[in-house]
Amino acid sequence: MSDYSFDTMQIHAGTAPDPATGARQVPIYQTTAYVFRDADHAARLFGLQEVGYIYSRLTNPTISALANRVAALEGGAGAVCCSSGHAAQIMALFPLMGPGLNIVASTRLYGGTITQFSQTFKRFGWSATFVDFDDPAAIEAAVDDNTRAIFCESISNPGGYITDLPAVAAVARRVGLPLIVDNTLASPYLCRPIDHGATLVVHSATKYLTGNGTVTGGVIVDSGTFDWSASDKFPSLSQPEPAYHGLVFHQALGPMAYTFHSIAIGLRDLGMTMNPQGAHYTLMGIETLSLRMQKHVANAQAVAEWLERDPRIDYVTYAGLASSPWHERVARICPKGAGALFTVAVKGGYEACVKLVDSLNLFSHVANLGDTRSLIIHSASTTHRQLTEAQQIAAGAGPNVVRLSIGTEDAADLIADLDQALAAATA
Ligand SMILES: *Cc1c(COP(=O)(O)O)cnc(C)c1O
């Protein structure tokens, strides 16, 4: 399937006509369990000597179709779906981490991720050190003997900044650690982090992959290229794993070790499972991913250019603008476009932002992004409100900015709506 172009793979990869019925579309296998052929078959499945379906907390044919499709689009060896983007982050780290261990993460992340990493991590005995990922020396300096991963977003929420993935991957290689990239805002159509040196890619499928605000889901894709046995840092993959009767995952499963570990231990014991109905919606969404992303990007460019010229605006962070410090990275990292999420600093600060949000008719005021509908949120009073003001500003979500997620409507209609709302907000 990897011989085909993206537009073909987004429709066909990971799926074939249903072997039982010939159904052309992927059926929703709404079943919890699967009948074993005989006792020997059951024993072989539980021993990982044969791959097959046991119980839908672990695997399900509809969900497997989605995992295989996303793996193909990202250029990975395997993928695992789970219940949300946040579940994907915990699941992605679970095989690598243990009490007392840490990750080094970018300061420019989704607000919920910063909270998960800085607060909830503590309950597991994990920690995160946040540094500016535009400074590779700072990333390297933050790595210590207990670091097990480096984490960033390709295009980052909320500012739409673009991370220099090859530079970050070079640091990860030098220190012998996996690089995990959250590719939610780019989608594999705009950016393929594995091509730039990432080990693992995580997604909130809630956003562009599904594309219309209908489901909550997550995906982890493994490149299959990291040597888990090169050091003694990843014993759950490189040494006998007591949680799976002593199986040495890397030795037994090679490039699929991480994927099987995430199913056999991660989904088995954490239970952050996607549901087949949700997988179906996401499969439907992915069929039109490239078409939607092209329109998202074209609209974002038009709206950002219009806003940047407007005297009521201080600045616009869209990396697709020639004025952006990250503009040079678009051609290198995501040549099909800089995505459709950015922030806008409104003259008049917090008050004007709140009035703007309340005056829009077409834009919806919601805590979501990557919908066909255009969305707006005032991050400082919502998604980033649990952060300190310094953290908000570091994350690009200061009190004077609103975040726009540009949809696939008509750009002129979106601009007209912003024009009337800005008039009301700055009157
Ligand atoms: C939304 C989002 C998440 C979390 O995903 P959920 O599906 O809401 O759990 C993680 N990272 C980024 C960049 C996001 O936008």
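Residues numbered from 1 in each chain as written. Predicted model: local features only at pLDDT ≥ 70, side-chain atom pairs only at ≥ 80, totals over all residues. Heavy atoms only, no water.

K.L.:
Can you help me understand the sheet that holds strand β8 (residues 200–204) in this one?
P.N.:
Hydrogen bonds along the backbone pair up the strands of a sheet, which may run parallel or antiparallel. Taking strand neighbours across the sheet as the criterion, the seven strands line up as β1-β9-β8-β7-β4-β2-β3 in an open arrangement whose pairing is mixed. Whereas interior strands pair on both sides, the edge strands pair on one side only; in this sheet they are β1 (78–82) and β3 (127–131). Neighbour-to-neighbour, the strand axes of the sheet open up by a mean angle of 20°, direction not taken into account. Here β1 pairs with strand β9 (residues 218–222) via five bridges, running antiparallel. In the sheet register, Val80 faces β9, and the bridge partner there is Ile220. The strands touched by helix α3 (residues 61–74) within the sheet are β1, β8 and β9, with β1 carrying the most contacts at an inclination of about 130°. Running over the sheet, helix α5 (residues 111–118) touches β2 (102–106), β3 and β4 (147–153) and is turned about 135° from β3. (Pairing = 2+ DSSP bridges. Helix = DSSP H or I, 4+ residues; strand = E, 2+ residues; numbered from the N terminus. Axes fitted to C-alpha atoms, helices over the stretch in contact; angles between N-to-C directions. Contact = heavy atoms within 4.5 Å.)

K.L.:
When you look at the packing of aromatic side chains in this model, what are you seeing that I'm missing?
P.N.:
Any pair of aromatic rings gets described here by the distance separating the centres and the angle formed by the planes. One pass over the full model with this rule turns up 14 aromatic pairs. With centroids separated by 5.3 Å and ring planes inclined at 35°, the aromatic side chains of Tyr34 and Tyr53 adopt a geometry described as tilted. Highlighted residues: Tyr34 in the loop between α1 (6–12) and α2 (39–46) and Tyr53 in the loop between α2 and α3, separated in sequence by 19 residues. Judged by its relative accessible area of 32%, Tyr53 is partly exposed. Aromatic pair Phe226 and Trp228: ring centres 4.6 Å apart, planes at 50°, arrangement tilted. In this structure, Phe226 and Trp228 share a single accessibility class: buried. Through a chain of ring-to-ring contacts, the aromatic side chains of Phe117, Phe121, Phe124, Trp126 and Phe151 assemble into a single cluster. (Phe/Tyr/Trp six-rings, centres within 6.5 Å; stacked < 30°, edge-to-face > 60°. Buried < 20%, exposed > 50% of the residue type's maximum accessible area, 1.4 Å probe, protein only.)

K.L.:
Explanation requested: the site of the ligand in the structure shown.
P.N.:
Around the ligand there are 16 residues in total, and Gly85, Asp182, Ser204, Thr206 and Lys207 lie nearest to it. Take Lys207: an N or O atom from its side chain is 2.8 Å from an oxygen atom of the ligand. Considered on its own, the ligand offers 380 Å² of accessible surface; in the complex 91% of this is hidden by protein. Counting atoms within 2 Å of the grid points, the majority share of the ligand lands in the second largest pocket. (Near = heavy atom within 4 Å. Polar contact = N/O pair within 3.5 Å; in protein donor to acceptor, adjacent residues only side chain to side chain. Areas by Shrake-Rupley, 256 points an atom, 1.4 Å probe, with all protein chains shown as cover. 1 Å grid on protein atoms, 1.4 Å probe; cavity = no way out; pocket = protein on both sides within 12 Å on 5 of 7 lines; lining within 4 Å. Sits in = over half its atoms within 2 Å of the grid points.)

K.L.:
Before we go on, may I ask you to explain the domain arrangement of the chain in this structure?
P.N.:
You'll often see interface size given as the accessible area lost when the parts meet. Assigned domains of the chain: these are domain 1 (7–285) and domain 2 (290–425). Taken over C-alpha atoms, the centre of domain 1 sits 29 Å from the centre of domain 2. Taken together, the contact pairs 38 residues of domain 1 with 41 residues of domain 2. Surface buried jointly by domain 1 and domain 2 totals about 3300 Å² across both partners, of which 58% is contributed by carbon and sulfur atoms. Counting across the domain 1 and domain 2 interface gives two salt bridges. Note that Asp134 is salt-bridged to Arg329, the shortest N-O span being 2.8 Å. On the surface where domain 1 and domain 2 come into contact, there are 16 residue pairs in polar contact (both at pLDDT 80 or more). The greatest single-element share of the side of domain 1 that touches domain 2, amounting to four residues, is contributed by α5. Grouping the amino acids of the side of domain 1 that touches domain 2 by side-chain chemistry returns 16 nonpolar, 17 polar and five charged. (Domains from an automatic or database assignment. Buried area = accessible area lost by both parts, 1.4 Å probe. Salt bridge = Lys/Arg side-chain N within 4 Å of Asp/Glu carboxyl O. Nonpolar A, V, L, I, M, F, W, Y, C, P; charged D, E, K, R; others polar.)

K.L.:
Before we go on, may I ask you to explain the pattern of salt bridges in this structure?
P.N.:
Opposite charge on two side chains permits them to pair, given that their charged atoms come into close proximity. In the structure shown here, the tally under the stated rule is 13 salt bridges. The closest approach of N and O atoms between Glu140 and Arg174, which form a salt bridge, is 2.8 Å. Linking Glu140 in helix α6 (residues 136–142) with Arg174 in helix α7 (residues 165–175), this pair joins segments that are 34 residues apart in sequence. We classify Arg174 as exposed; its relative accessible area is 55%. Residue Asp310 pairs with Arg312 through a salt bridge whose shortest N-O separation is 2.8 Å. Overlapping salt bridges bring together Arg108, Asp132, Asp134 and Arg329 as one network.

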